[in-house]
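Here is how the chains run, residue by residue.
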Amino acid sequence: MTEQVVAEDWVTRLADEVTLEAERRGLRGPIVCASGISPSGPIHLGNFRELITPHLVADEIKRRGIACEHILSWDDFDRFRRVPKNLVGVDESWEEHVGKPLTSVPAPHGSPHANWAEHFKAPLLEAMEATGIEVRQISQTQQYRAGAYREQILTAMRERLAIDQVLGRYRTLEAAADAKQKASGKGKRQDPALVQQKLTEEQAAAATEAERGSGAATEDDGSEGTAGYFPYKPFCSVCGTDFTTVTGYDDDSHDLTYQCTKCGHTEQVDLDTFTNGKLVWKVDWPMRWAYEHVLFEPSGVDHQSPGSSFVVGKDLAPLFGWERPIGPMYAFVGIAGMAKMSSSKGGVPIPNDALDVMEPQVLRWLYARRRPNQSFDVAFGPELQRLYDEWDALVRKVAAGPEGGAQPGDLAAHLRSTSVATAAGVHELPTTPRPMPFRTIASVIDVTQGDEAQAVRILSQLEPDNPVISIDDLRPRLDCAERWMLGYVPAEDRTIVRSEPDTELLAGLDDEQRESLRLLVDRLDDHWSLDGLTHLVYGVPKVQRGLDPSAKVKDPELSRAQRAFFVLVYRLLVSKDTGPRLPTLLLAVGAERTKRLLGH
């Protein structure tokens, strides 16, 4: 049984376009949505948009009862372009592998995986399993070396003059656009250096990683040789690299000759049997659209600029008997709070890093709630707590039904974040049974210095009428909060509870301050719950002014007095002016220790 999404959002609109396009083309069989990822290095959160956008569209189509398949094409036959800097287990010796297929490059030292490509696929596959993304995987190494594209390669070689003419038109257009921009100083094309000056340090780093991860967008289109245009690039049979130049091709025998500029090897091969080469990217992509019957595939901005692969693919796909698929451009995904992260150093975070601190539903929601052309940041700093607050608020609205006030788009985003369509029906993703506020859990973890048993004891006291029965009821949110607090929050931002009273500060208190502390201590035991302590700490300054502690009063002077009282308690407990929410801090410190540190 499938579930229809009635609320309209960007996913439903794209699914409508795709299903109408399938009808227009008269297609039979499952609709194919595609993702393509090159495992050339860490597959970051920007690449994840390449994966989750088709997933969400395919998921919506499946909910309508229409057969649909999401394929993930691993571009693991791409060339190894450069040796990444600051990558653990990799040194300058990897330079000798530049130009080889990614599957022919050794994995970093200490990796359990067979090669470079498999090493970087593995973390993404783990993240996909955690977030409910199911695909049919296609290895381009296996496809090319099995001869799956033999006819398509021969077609491309036969039509090489037509392909060159198409590419030539776009080369001319791109050159003209560059010249016009340089002459006028106006236009859409911008100096990347100037663009990055407008980004934060961490956003610029993410943009750089995104550019490096999509190098196929700017690779040789087959026009660099002197013997004419050839859309096929062989890997050298001796040194294994693609520093090769095609020097001749016989259309009748399909014999191709090449010379390797790295090792000097010259060879003649028969494309009817030779499988150690591939089509250049701008021809390879539209060929695969036709081979897999792709109807929907998004791509990043680098693939949709003038003369780029997606734009050129519109004219090249018909050579292989297909039309370019629907392919919206997806925007930049940045990082917030990365600069202060104490883990994941040396690179832009990958989906598994996000899943260390985010429940799978929250990560899915980040992408589902925004249109593909909207950029956004993934939060690893203090903003993460606000993100959880927003998510929990949405969950409450949805749970309340029509009276909750959730907007149609919010309802759709929530549904897509919490469930996936499978062959057996709609499957709900596992959730935290007792999703206490993330910031509360993090504060308790902070104060208890990661003592899980003590943290659970304190968290159980937050709701005395509904205590936590099992620690498993708090997972995975408890684990996310613990990893975030202990691994991502800088030491200077952590909370350290004093071991002894601040005698000097206590000795200098005036009568009003002493009275406020006495009122707090005397009533502590009777208010020992989260709600009770919240009522107490806000009520003490009211009582000192002769007000009912439950009274709702808007008075700037009272607000200043409450703030001054909070600062006093924070200084006595943690030697800072601020800290975790005061009621949570008091519960974490414990009643007896709190009394002692407050001088009672």
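First, a word on scope: everything that follows refers to the structure included in this document. (Residues numbered from 1 in each chain as written. Predicted model: local features only at pLDDT ≥ 70, side-chain atom pairs only at ≥ 80, totals over all residues. Heavy atoms only, no water.)

We now examine the pairing of strand S7 (residues 266-270). In the sheet, strand S6 (residues 255-260) pairs with S7 via 5 bridges, with the strands oriented antiparallel. When the sheet's bridge partners are listed, threonine 257 is paired in S7 with glutamine 268. From the end of S6 to the start of S7, which pair antiparallel, there are 5 residues, and glycine 264 there has a positive phi angle of about 85°. (Pairing = 2+ DSSP bridges. Helix = DSSP H or I, 4+ residues; strand = E, 2+ residues; numbered from the N terminus.)

Taken in spatial order, the 4 strands line up as S3-S2-S1-S9 in an open sheet, and their pairing is parallel. For this open sheet the edge positions go to strand S3 (136-139) and strand S9 (294-296), each flanked by a neighbour on one side alone. Strand-to-strand twist across the sheet, computed as the mean angle between neighbouring axes with direction ignored, equals 45°. Contacts from helix H1 (residues 10-25) reach strand S1 (31-37) and S9 within the one sheet, and its direction differs from that of S9 by about 145°. On the sheet, helix H9 (residues 281-292) packs against S1, strand S2 (68-74), S3 and S9 and is oriented at approximately 105° with respect to S9. (Axes fitted to C-alpha atoms, helices over the stretch in contact; angles between N-to-C directions. Contact = heavy atoms within 4.5 Å.)

This part takes up the environment of leucine 536. One can find leucine 536 in helix H20 (residues 530-544). When its relative accessible area of 4% is taken as the criterion, leucine 536 is described as buried. The spacing of leucine 536 and leucine 519 is 17 residues in sequence and 9.1 Å in space, taken between C-alpha atoms. The residues contacting leucine 536, other than those within four sequence positions of it, are Leu519, Leu520, Arg523, Leu524 and His527. (Buried < 20%, exposed > 50% of the residue type's maximum accessible area, 1.4 Å probe, protein only.)

Moving on, we get to the packing of aromatic side chains. Under the counting rule described, the total for this entry stands at 18 aromatic pairs. For the ring pair tryptophan 116 and phenylalanine 120, a centre distance of 5.1 Å and an interplane angle of 55° mean the geometry is tilted. Of the two residues, tryptophan 116 and phenylalanine 120 both sit in helix H3 (residues 116-131), 4 residues apart, roughly one turn of that helix. The exposure classification of tryptophan 116 matches that of phenylalanine 120, with both residues buried. Ring geometry for tryptophan 285 against phenylalanine 310: centres 5.9 Å apart, planes inclined by 55°, an arrangement best described as tilted. Of the two residues, tryptophan 285 is situated in helix H9 and phenylalanine 310 in helix H10 (residues 309-316); the sequence distance between them amounts to 25 residues. We note that tryptophan 285, like phenylalanine 310, is buried. Feature note: the residues Phe77, Tyr144, Tyr149, Phe235 and Tyr291 constitute an aromatic cluster, connected by ring pairs. The residue whose ring lies beneath arginine 25 is tryptophan 322, and the NZ or CZ to ring-centre distance is 5.2 Å. It is arginine 79 that lies over the ring of phenylalanine 243; its NZ or CZ is 5.1 Å from the centre. (Phe/Tyr/Trp six-rings, centres within 6.5 Å; stacked < 30°, edge-to-face > 60°. Lys NZ or Arg CZ within 6 Å of the ring centre and 35° of its normal.)

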